[in-house]
Amino acid sequence: MTTEEKLQYLLDRAEIQERIAIYGLGQDFHQPGFGNQDSYAEWSEVFTDDVEIDVSDVVPIPPINLAQYIEMMRGKDGAGGGLDADFRVWAHLEHPVKIAIDGDDASSISLHIHQHETKDSTGNTAAVGYWFDRWRRTPAGWRIVHRRIKQLYFNTAQLIATPGMMAGVEQPFVVKEPGFAPV
């Protein structure tokens, strides 16, 4: 590989890694009570509008498009439902572990760790698995054209009293401002 090819590879890889992380922000910046339920704001930077998302490992349905996925996560027109029907707060951590780039096409495998606190603040769920993504370089940059989930496990744990070492920390977390302000 020439120096120019190596540099392009690193730039492409960095962009794909960033977009994988932005997926999590599309979930986490739109918590219940934040008012803004527009996950498309971030996810338009991650997916093509004609993406095919295969969640059949979790929900036995045929592949869906981006609008259907957003409705699954946020409810009809962002009016509630989806995650906020069962959960009060959540965090989505996305970890790219393998990226292969071939010209204007790429593939990636990313570990995901998704934490959710139940609506009544008595439990916490951990959803852990992998995303298998196919990417395409577009005029707007790298975008996922096909995504498939492989769920490893989904566990629920009962919340316990706040440990003494955390004395003074507000529990459960209370939203003090309606959303996250970008830096």
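Our structure's up above, just so we're on the same page.
Here we summarise the structure given alongside this text. (Residues numbered from 1 in each chain as written. Predicted model: local features only at pLDDT ≥ 70, side-chain atom pairs only at ≥ 80, totals over all residues. Heavy atoms only, no water.)

With that settled, consider the pattern of salt bridges. For the structure shown, the criterion picks out 7 salt bridges. Residue Glu71 pairs with Lys76 through a salt bridge whose shortest N-O separation is 4.0 Å. With its nearest N and O atoms 2.7 Å apart, the salt bridge here joins Arg147 to Asp133. Taken together, the residues Arg147 in strand E5 (residues 141–158) and Asp133 in strand E4 (residues 123–138) connect sequence positions 14 residues apart. Pair check on accessibility: Arg147 and Asp133 agree, each one buried. (Salt bridge = Lys/Arg side-chain N within 4 Å of Asp/Glu carboxyl O. Helix = DSSP H or I, 4+ residues; strand = E, 2+ residues; numbered from the N terminus. Buried < 20%, exposed > 50% of the residue type's maximum accessible area, 1.4 Å probe, protein only.)

This part covers the environment of Trp43. As for its placement among the helices and strands, Trp43 is situated in helix H2 (residues 40–43). Taking the relative accessible area as the measure of exposure, Trp43 reaches 0% and is therefore buried. If near-sequence neighbours (up to four positions away) are discounted, Trp43 is found in contact with Ile22, Tyr23, Gly26, Gln27, Leu66, Tyr69, Ile70 and Met73. (Contact = heavy atoms within 4.5 Å.)

Nonpolar side chains in soluble globular proteins generally cluster together in the buried interior. Counting residues in each nonpolar core, the largest one holds 25 residues, and the members touching the most others are Trp43, Phe47, Ile53 and Tyr69. Taken together, the elements giving at least two residues each to this core come down to helix H1 (3–28), strand E1 (47–54), helix H3 (66–74), strand E2 (87–102), E4 and E5. (Core = buried A, V, L, I, M, F, W, Y, C linked by side-chain atoms within 4.5 Å.)

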